[in-house]
Amino acid sequence: MLSKADITAQLRALGLEQGDTIFVSADLLRVGYFNKDQVTTLRDWVDIFTRLLGDEGTIVVPTYSPSFFRFFQKYDFVFTPESDSDSGGLARAYLNHAPGAIRGRHPTNSCTSLGARAEEIAAADGPEFPKYNPYAKVVEFGGKNLMLGTVDERNCPFTFHHVQELLGHTRGHPFSGLLETTYIDRGGVKRKYIMRELGGCTAGIHKSWGRHLAAGAVEFGRVGRSLSAIVDARKSTEVLRRMLTQTPHLVRCDDRSCISCYGRFQYNGLGALAYYPRRLPMLLGKAMRRALG
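Just so you know, these numbers come straight off a predicted model, no measurement behind them.

1. Examining the sheet that holds strand S4 (residues 102-103)
Here is step 1 of the chain: The strand order S4-S5-S2-S1-S6-S10-S9 describes an open sheet built from seven strands, whose pairing is mixed. Only two strands of the sheet have a single neighbouring strand rather than two, namely S4 and strand S9 (218-223).
Here is step 2 of the chain: The sheet contact formed by strand S6 (residues 144-148) and strand S10 (residues 226-232) spans four bridges and is antiparallel. Following the sheet pairing, Met 147 is matched in S10 by Ala 229.
Here is step 3 of the chain: Against the sheet, helix H1 (residues 4-14) engages S6, S9 and S10, with an angle of about 165 degrees to S9.

2. A look at the nonpolar core
Here is step 1 of the chain: Counting 28 residues, the largest nonpolar core has Leu 11, Trp 45, Phe 49, Tyr 94 and Leu 148 as its most contacted members.
Here is step 2 of the chain: Mapped by element, the contributors of at least two residues to this core are H1, strand S1 (21-26), helix H2 (28-31), helix H3 (38-53), strand S2 (58-62), helix H4 (89-96) and S6.
Here is step 3 of the chain: When sequence neighbours within four positions are dropped, the list of residues in contact with Leu 11 reads Leu 16, Trp 45, Ile 48, Phe 49, Leu 52, Leu 146, Leu 148 and Val 223.

3. A short note on the side chain of Arg 264
Here is step 1 of the chain: With respect to the secondary-structure elements, Arg 264 resides in the loop between helix H10 (259-262) and helix H11 (265-268).
Here is step 2 of the chain: Buried within the structure, Arg 264 lacks any salt-bridge partner; Glu 197 is the closest side chain of opposite charge, at an N-O distance of 9.7 Å.
Here is step 3 of the chain: In this structure the side chain of Arg 264 is engaged in a polar contact, spanning 2.8 Å, whose partner is the backbone oxygen of Gly 199.
Here is step 4 of the chain: The residues touching Arg 264, leaving out its near neighbours within four places in the chain, are Gln 164, His 169, Thr 170, Gly 172, His 173, Pro 174, Leu 198, Gly 199, Gly 200, Ile 259 and Ala 272.

4. Considerations on a nonpolar patch on the surface
Here is step 1 of the chain: Taken together, the side chains of Leu 213, Phe 220 and Leu 227 make up a nonpolar region of the molecular surface, amounting to roughly 240 Å² of accessible area.
Here is step 2 of the chain: Mapped onto the elements, Leu 227 comes out in strand S10.

5. A short note on the packing of H3 against H4
The angle between the axes and the distance between the axes are what describe a pair of packed helices.
Here is step 1 of the chain: As a packed pair, H3 and H4 sit with axes 9 Å apart at the nearest point and diverge in direction by 80 degrees. It follows from the interaxial angle that H3 and H4 lie roughly perpendicular. Contact residues: Gln 38, Leu 42, Trp 45, Val 46 and Phe 49 in H3; Gly 89, Leu 90, Arg 92, Ala 93 and Tyr 94 in H4.
Here is step 2 of the chain: For the contact of H3 with H4, the per-class residue count stands at seven nonpolar, two polar and one charged.

6. Let's talk about the state of the cysteines
Here is step 1 of the chain: Tallied over the entire structure, the rule returns zero disulfides.
Here is step 2 of the chain: No disulfide involves Cys 156; its sulfur sits 9.1 Å from the nearest other cysteine sulfur, which is in Cys 201.
Here is step 3 of the chain: A relative accessible area of 11% places Cys 156 in the buried class.
Here is step 4 of the chain: Cys 258 carries a free sulfur, and the closest cysteine sulfur to it, the one in Cys 261, is 3.8 Å from it.

7. So, helix H7 (residues 159-167)
Here is step 1 of the chain: Most of H7 is tucked away: seven of the nine residues are buried.
Here is step 2 of the chain: For H7, every residue scored as buried is listed here: Thr 159, Phe 160, His 161, His 162, Val 163, Gln 164 and Glu 165.
Here is step 3 of the chain: The inward-facing, buried residues of H7 abut helix H6 (133-140), helix H9 (233-246) and H11.
Here is step 4 of the chain: Directly after H7, the chain includes Gly 168, whose backbone phi takes a positive value near 85 degrees.

8. Let's talk about the packing of aromatic side chains
Here is step 1 of the chain: Inspection of every chain in the model, using the stated rule, returns nine aromatic pairs.
Here is step 2 of the chain: Between Phe 23 and Phe 158 the ring centres are 4.8 Å apart and the planes differ by 45 degrees, which places this aromatic pair in the tilted class. Taken together, the residues span a long stretch of sequence, with Phe 23 in strand S1 and Phe 158 in the loop between S6 and H7 at a distance of 135 residues. Like Phe 23, the residue Phe 158 is buried in the burial classification.
Here is step 3 of the chain: Ring centres of Phe 69 and Phe 175 lie 5.2 Å apart, and the angle between their planes is 80 degrees; on these two criteria the pair is classed as edge-to-face. Taken together, the residues Phe 69 in strand S3 (residues 68-69) and Phe 175 in the loop between H7 and strand S7 (179-184) connect sequence positions 106 residues apart.
Here is step 4 of the chain: For Phe 175, a relative accessible area of 23% corresponds to the partly exposed category.
Here is step 5 of the chain: Through successive ring pairs, a cluster of aromatic residues spans Phe 23, Tyr 132, Tyr 135 and Phe 158.
Here is step 6 of the chain: The ring of Phe 141 carries Arg 117 above its face, with NZ or CZ at 4.0 Å from the centroid.

9. Some words on the packing of H6 against H7
Here is step 1 of the chain: Two elements in contact, H6 and H7, have axes separated by 9 Å at closest approach and are oriented at 105 degrees. Relative to H7, the element H6 lies roughly perpendicular. In this structure, H6 contributes Asn 133, Tyr 135, Ala 136 and Val 139 to the contact, and H7 contributes Thr 159, His 161, His 162 and Glu 165.
Here is step 2 of the chain: Broken down by class, the residue content of the contact of H6 with H7 amounts to three nonpolar, four polar and one charged.

How each quantity is defined
Residues numbered from 1 in each chain as written. Predicted model: local features only at pLDDT ≥ 70, side-chain atom pairs only at ≥ 80, totals over all residues. Heavy atoms only, no water. Pairing = 2+ DSSP bridges. Helix = DSSP H or I, 4+ residues; strand = E, 2+ residues; numbered from the N terminus. Contact = heavy atoms within 4.5 Å. Axes fitted to C-alpha atoms, helices over the stretch in contact; angles between N-to-C directions. Core = buried A, V, L, I, M, F, W, Y, C linked by side-chain atoms within 4.5 Å. Buried < 20%, exposed > 50% of the residue type's maximum accessible area, 1.4 Å probe, protein only. Lys, Arg positive; Asp, Glu negative; His and termini not counted. Salt bridge = Lys/Arg side-chain N within 4 Å of Asp/Glu carboxyl O. Polar contact = N/O pair within 3.5 Å; in protein donor to acceptor, adjacent residues only side chain to side chain. Patch = residues over 30% accessible without salt bridge, like charges linked within 9 Å, V, L, I, M, F, W, Y side chains within 5 Å. Areas by Shrake-Rupley, 256 points an atom, 1.4 Å probe, with all protein chains shown as cover. Parallel < 35°, antiparallel > 145°, perpendicular 65-115°, else oblique. Nonpolar A, V, L, I, M, F, W, Y, C, P; charged D, E, K, R; others polar. Disulfide = S-S within 2.5 Å. Phe/Tyr/Trp six-rings, centres within 6.5 Å; stacked < 30°, edge-to-face > 60°. Lys NZ or Arg CZ within 6 Å of the ring centre and 35° of its normal.

Okay, structure coming up:
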């Protein structure tokens, strides 16, 4: 059985320090720590990070909300800072079991923070800001990305979407402007939020790990039963900025039907034009099935 002390020691050995500002992407099931019931386990995770980071540290956890295709799907979800999140166990821990945590107001990509910089991060997280603005704040503060049980061929450092936003790639996604949700603004008025920015597929970014290692931007280690990593956010930003500027095709996944990777001009040039004659009937068929269902 894993104990809190085991997890704490492994996180400290990986490179987590007092005073750090960390963005955490987590798969708690892969890590495998459990203490008698779900609520106790989630509270333990909050306690572990609070003790490790200390009074001057800050943790930032994604607490994202669903979006829906415009025109095709009816839904009754309305985002407020009290809404549930579909971002997993650590999101539930900080939404429900972390007194003092502050959630941003972005309708689809809110983050919840706890610690010395929480108010500053939450203040920069809303529908009036770029979608990945909290990521930019973590980079600005010299923060780290803890990939807790999420080192695989599907997940990536948060800096990927940050760099995409810096370079304007988030507005070049083929689904830009086609997704939406509804939220309550600060005045209590229900409003529609249309997603103009999308990061998209991340299943090709594991190809950048060699570049991260060469730049001293990542450390890998076991936490619980899974491989984890600590990523230096500033160094990672520069690694991925060079990659997306010089060799953007390398970020594509291996699934040639992926519209995010192969239908986007930033990663394919004019070659993206060849994607649509082959795939457009399939995409339209999916849209029609969604509309009729």
